[in-house]
Amino acid sequence: ADVDHPDELRIDLDPQPGTGFDQARTAALETVRPMLDELGYVGYPKTSGNRGVHVYLRIEPRWTFTEVRRAAIAFAREIERRVPDLVTTAWWKEERGERVFVDFNQNARDRTIASAYSVRRRSDATVSAPLTWDELPSVQPEDFTIVTMPPRFAELGDVHASIDDVQHSIEPLLEWYARDERDRGL
C-alpha cells in the first residue's frame with residue numbers, strides 16, 4: 001500500500017561458480033530455516049527458477065528500504081557466521097570462492113526479482129516455483145517448468161497462499177545489525 005515501506009524481506013541464496021542448487025538448498029534447510037524458527041518467523045521458500053533458492057518473509061510495512069536492507073544484511077551475516085564454509089556475504093565476486101552468496105541487496109529499493117511463477121529465460125523454461133519446506137529437500141529446479149507448473153498449481157493451489165497471514169517485526173534483525181556495526185567499530 002505504501003511504496004516507501006516494503007512488506008517483504010528477501011533472503012536470496014545465490015550459488016557461485018563451483019556451487020549449485022544443492023548447496024543453496026542446504027543453506028536454506030540447515031541454517032536459514034532454523035534461524036527463522038529461532039526468531040519466531042515464518043519464511044516461504046521457492047526456487048529462483050535457475051540455481052538458487054529464495055526465502056520470503058512478510059514484514060510489517062513500517063520500515064524504510066534502507067532499514068529492511070540492514071535487517072537483510074544482519075540475517076546474511078549471521079548465516080555466514082554459522083556456516084562460513086558454505087555461504088558468504090562478500091560483495092566482490094573474486095572474494096566469494098566456491099560458496100553460496102547471500103544477496104542482501106535484493107532488498108534494495110531498485111531491485112527486480114524472479115517473482116513466484118515467473119518463467120526464466122532458459123531452454124527448459126523453468127519456473128520460479130513456490131515450495132513448502134517439506135518439499136525443498138527432494139526437488140530440483142528442473143522439476144518446475146512452464147509445462148509442469150499448471151498441473152502442480154491445479155493440484156496444490158498456491159502453496160504460499162498464507163504468506164500474508166502474519167507480518168513480522170524486523171526489530172531483532174536491526175538489533176543484530178547495530179551490534180555488528182559496533183563490533184566492526186562503525
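Keep in mind the model is a prediction, meaning the values are calculated, not measured.

(A) View of the nonpolar core. Core analysis: the largest hydrophobic core is formed by 41 residues, its most contacted members being Leu-9, Ile-11, Leu-13, Val-32, Leu-36, Phe-75 and Ile-79. Of all the secondary-structure elements, those providing two or more residues to this core are β1 (8-15), α1 (21-39), β3 (53-58), α2 (65-82), β5 (100-102) and α4 (171-183). Not counting chain neighbours up to four residues away, the residues in contact with Ile-79 comprise Ile-11, Thr-31, Val-32, Met-35, Val-87 and Val-102.

(B) Summary view of the sheet that holds β5. Taken in spatial order, the 5 strands of this open sheet run β2-β3-β1-β5-β4, and their pairing is mixed. Every other strand in the sheet has two partners, leaving β2 (43-47) and β4 (87-88) as the edge strands with one partner each. Here β1 runs beside β3; their pairing, made up of 6 bridges, is antiparallel. When the bridges of β3 are listed, Glu-8 appears paired with Arg-58. The strands that α1 touches are β1, β2, β3, β4 and β5; relative to β1, the one it contacts most, it runs at about 145°. In the packing of α2 onto the sheet, the strands contacted are β1, β4 and β5, and the crossing angle to β1 comes to about 40°.

Cut-offs and rules
- Residues numbered from 1 in each chain as written.
- Predicted model: local features only at pLDDT ≥ 70, side-chain atom pairs only at ≥ 80, totals over all residues.
- Heavy atoms only, no water.
- Core = buried A, V, L, I, M, F, W, Y, C linked by side-chain atoms within 4.5 Å.
- Buried < 20%, exposed > 50% of the residue type's maximum accessible area, 1.4 Å probe, protein only.
- Helix = DSSP H or I, 4+ residues; strand = E, 2+ residues; numbered from the N terminus.
- Contact = heavy atoms within 4.5 Å.
- Pairing = 2+ DSSP bridges.
- Axes fitted to C-alpha atoms, helices over the stretch in contact; angles between N-to-C directions.

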